[in-house]
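Here is what each chain is made of, one letter per residue.
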Amino acid sequence: TVLVVDFGAQYAQLIARRVRECHVFSEIVPSTMPAAEMLARRPKAIILSGGPASVYAEGAPVAPEGLFDIGVPTLGICYGHQVMAQALGGTVENSDVAEYGGATVAVASPGMLFAGLPHEQAVWMSHRDFVSSAPSGFAVTASTDVTPVAGMEDLERGFFGVQFHPEVLHTEHGMEILRRFLYEGAGCRPSWTMVNIADESIEAVREQVGEKRVICALSGGVDSAVAAALVQRAIGDQLTCVFVDHGLLRKGEPEQVEKDFVAATGVNLHVVDAQERFLSALDGVTDPERKRKIIGREFIRVFEEAAREIVHGGAAAGDPAEPVEFLVQGTLYPDVVESGGGTGAANIKSHHNVGGLPEDLQFELVEPLRTLFKDEVRALGEQLGLPAEIVWRQPFPGPGLGIRIIGAVTRDRLDILRDADAIAREELTRAGLDRDIWQFPVVLLADVRSVGVQGDSRTYGHPIVLRPVTSEDAMTADWAKLPYDVLQRISTRITNEVREINRVTVDITSKPPGTIEWE
Ligand code: XMP
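Procedures and definitions
- Residues numbered from 1 in each chain as written.
- Predicted model: local features only at pLDDT ≥ 70, side-chain atom pairs only at ≥ 80, totals over all residues.
- Domains from an automatic or database assignment.
- Pairing = 2+ DSSP bridges.
- Helix = DSSP H or I, 4+ residues; strand = E, 2+ residues; numbered from the N terminus.
- Axes fitted to C-alpha atoms, helices over the stretch in contact; angles between N-to-C directions.
- Core = buried A, V, L, I, M, F, W, Y, C linked by C-beta atoms within 7 Å.
- Buried ≥ 20, exposed ≤ 12 C-beta atoms within 10 Å, placed from the backbone.
- Contact = placed C-beta atoms within 7 Å.
- UniProt positions renumbered as here; feature names shortened; annotations may be inferred.
- Near = placed C-beta within 6 Å.
- Nonpolar A, V, L, I, M, F, W, Y, C, P; charged D, E, K, R; others polar.
- Parallel < 35°, antiparallel > 145°, perpendicular 65-115°, else oblique.
- Left-handed = near helix turned anticlockwise from the far one by under 90°.
- Expected span 1.5 Å × (residues − 1).

What follows is about the domain arrangement of the chain. The assigned domain composition of the chain is domain 1 (2-185), domain 2 (194-391) and domain 3 (404-506). For domain 1 and domain 3, the distance between their C-alpha centres works out to 47 Å.

And the structure:
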């Protein structure tokens, strides 16, 4: 493993992902972890991440004591570079001139990291402090106009530092530099491949659950699907999946789960048709928060009933006498990092997906994806033979179309929205834009009517809002500039093919101030 020491969360995750793209497993650890504990994980290399602090600021994070004495090859990046320089006897200075964005480094002597790379390279910088002199034993390998020590290395001890960010795409040879550090500087081997990930995870699930029975709630989303497929591969019929059809899914999605997913995995599926139940619970409710609460509550109740039935025998295959002791969750690595780095700190978030299950249904969690990033989960899904429609599904909110109907939810309105949404998705796919768009909510303004004219007669119908967005992580988003001809096709088809809709609009608000969903 390679340990990425986190000096500021947004940097560490990207570095960890890049290391894995070099086919080397990486984990993020907090900068407060003692060096001995790091060593106990037997790292092949350590990377000190960037971070927002100045090494001179009060309470600024420092390298764990003794970190540079444990004999592990180490790369410092940006703030990590400065921390390394300072800890080993170099000097860090505060500059009046910041260096943010693109810069050019000149390679003074290539050393190991820059060997064979061009003398001048475009890099991405984001710093104000800088290393003004390298510690003794280090050779200065690169500099820029304002940064005398933009690269340094001490080959004898296996220490490397770069002021710029090799992990961002704007650094021209960043991946090459990372690869050199990992393969040559630290002797890592590229063994983190999808085949190995799948094999190891399957083995780990077998070991964890033994002969016991396992239950899993399928939402139709990527994470629960891949998690279930993996567990199925590991333990076959010991797994029962529960799919709650709450009637708020999009056109074709229940079938995707009930037919395509089952066909691809051979999983034991227990479908609960709860459409009526959700509709009546939502009857007349217009407040977004109340809708969410009702949908969440009903979901847990229905899942709970199904689980009880399975646990106490009846509905599912497997030996009913054998109690179900495990529950599969599609928790991903970013959730683990954000809720305490998997370092023993409270990991509350992962339990939240299913929420308060009753006492007599105490499950141990199986979380086969908890070391993986989203892109790895997708690759794993492909490796496991899941259909592309499932693996490449865009994120879809748990409350589904219930929060895309502005106004009360009725069966009629759901049908209208499903038709309009299906057209928008079809046209997006036809234009080859699926992977460029983060998400494409289609929203029905059910309580709004406007006058239109269709086929020589006056109409008084509802508007549909198209909300295509681009994003990296849903925390911020921008409205997607879909080509006019695509918008036009969607608009024409929706007004022609969907009854009650006589107007199509596009939401051109970024997030913030808007959110991605309308409710
Ligand atoms: P907003 O609308 O807050 O959404 O910009 C951010 C992301 O979260 C999704 N979302 C949800 N996902 N349960 C979910 O599983 C929810 O209740 C929920 N609400 C919003 C939304 O689709 C977007 O990807």
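Here the narrative resumes, following the displayed structure.
This part takes up the sheet that holds strand β12 (residues 213-218). Reading across the sheet, the five strands line up as β14-β13-β12-β15-β16 and stay open at both edges, with parallel pairing between neighbours. Two strands in the sheet have a free side with no partner beyond their single neighbour: β14 (268-273) and β16 (364-366). Between one strand axis and the next, the sheet turns by 30 degrees as a mean value, whatever way the strands run. Pairing of strand β13 (residues 239-245) with β14 involves six bridges; the strand directions are parallel. Across the sheet, the residue bridging to Asp245 is Asp273, located in β14.

The next thing to look at is the nonpolar core. If you look at the biggest cluster of nonpolar residues, it comprises 134 residues, and the most contacted ones within it are Val214, Cys216, Val226 and Val231. Ranked by residues supplied to this core, first place goes to helix α6 (residues 222-235) with ten residues. Apart from residues lying up to four places away in sequence, Cys216 is in contact with Ser224, Ala227, Ala228, Val231, Leu239, Cys241 and Val328. Core analysis: the next-biggest nonpolar cluster, separate from the first, contains five residues, Ala477, Ala480, Leu482 and Ile516 among them.

This next bit is on the UniProt feature "active site" (unreviewed entry) in the chain. UniProt marks Cys78, His165 and Glu167 with the feature "active site" (unreviewed entry), using the numbering shown here. Spanning 90 residues, the named residues nonetheless gather at one spot, since no C-alpha pair among them exceeds 10.9 Å. Along the chain, His165 falls in the loop between β11 (159-162) and α4 (174-185). Beyond its immediate sequence surroundings of up to four residues, His165 is in contact with Gly50, Ile77, Cys78, Trp124, Ser126 and Thr171. If we skip the residues at most four places from it in the chain, Glu167 touches Leu14, Ile15, Arg18 and Gly174.

According to UniProt, the positions carrying the feature "binding site: ATP" (unreviewed entry) are Ser219, Gly220, Gly221, Val222, Asp223, Ser224 and Ala225. By the element assignment, Ser219 lies in the loop between β12 and α6. If sequence neighbours within four positions are ignored, Ser219 has contacts with Ser224 and Gly398. In contact with Gly220, other than residues within four places in its own chain, are Leu249, Glu253, Gln256 and Val257.

Attention now goes to the site of the ligand. Close to the ligand lie Arg292, Pro395, Pro397, Gly398, Pro399, Gln439, Ala474, Lys511, Thr515, Ile516 and Glu517, which account for all nearby residues. Considered class by class, the residues forming the shell around the ligand number five nonpolar, three polar and three charged.

To continue, consider the packing of helix α14 (residues 411-430) against helix α15 (residues 484-497). Two elements in contact, α14 and α15, have axes whose closest approach is 9 Å; the angle formed by their N-to-C orientations is 150 degrees. Accordingly, the angle class assigned to the pair α14 and α15 is roughly antiparallel. Here the hand of the crossing between α14 and α15 comes out right-handed. When α14 is examined against α15, the residues Asp419, Ala420, Ile423, Ala424 and Glu427 are found in contact with a partner set consisting of Val486, Arg489, Ile490, Arg493, Ile494 and Glu497. In terms of residue class, the contact of α14 with α15 is built from six nonpolar, no polar and five charged.

Given a rise of 1.5 Å per residue, 16 residues ought to cover 22 Å, and the 23 Å separating the end C-alpha atoms of helix α5 (residues 194-209) matches this to within 8%. Where α5 is buried, its residues contact β12, α6, β15 (324-328), β16 and α12 (374-383). Backbone geometry just downstream of α5 places Gly210 in the positive-phi region, at approximately 55 degrees.

Here we come to the pairing of strand β18 (residues 442-445). With two bridges joining them, strand β17 (residues 405-406) and β18 adopt parallel strand pairing. Opposite Ile405, over in β18, you have Leu444 as the bridge partner. Bridge count between β18 and strand β20 (residues 457-466): three bridges; the pairing is antiparallel. Counted as the bridge partner of Val442 is Leu466 from β20.

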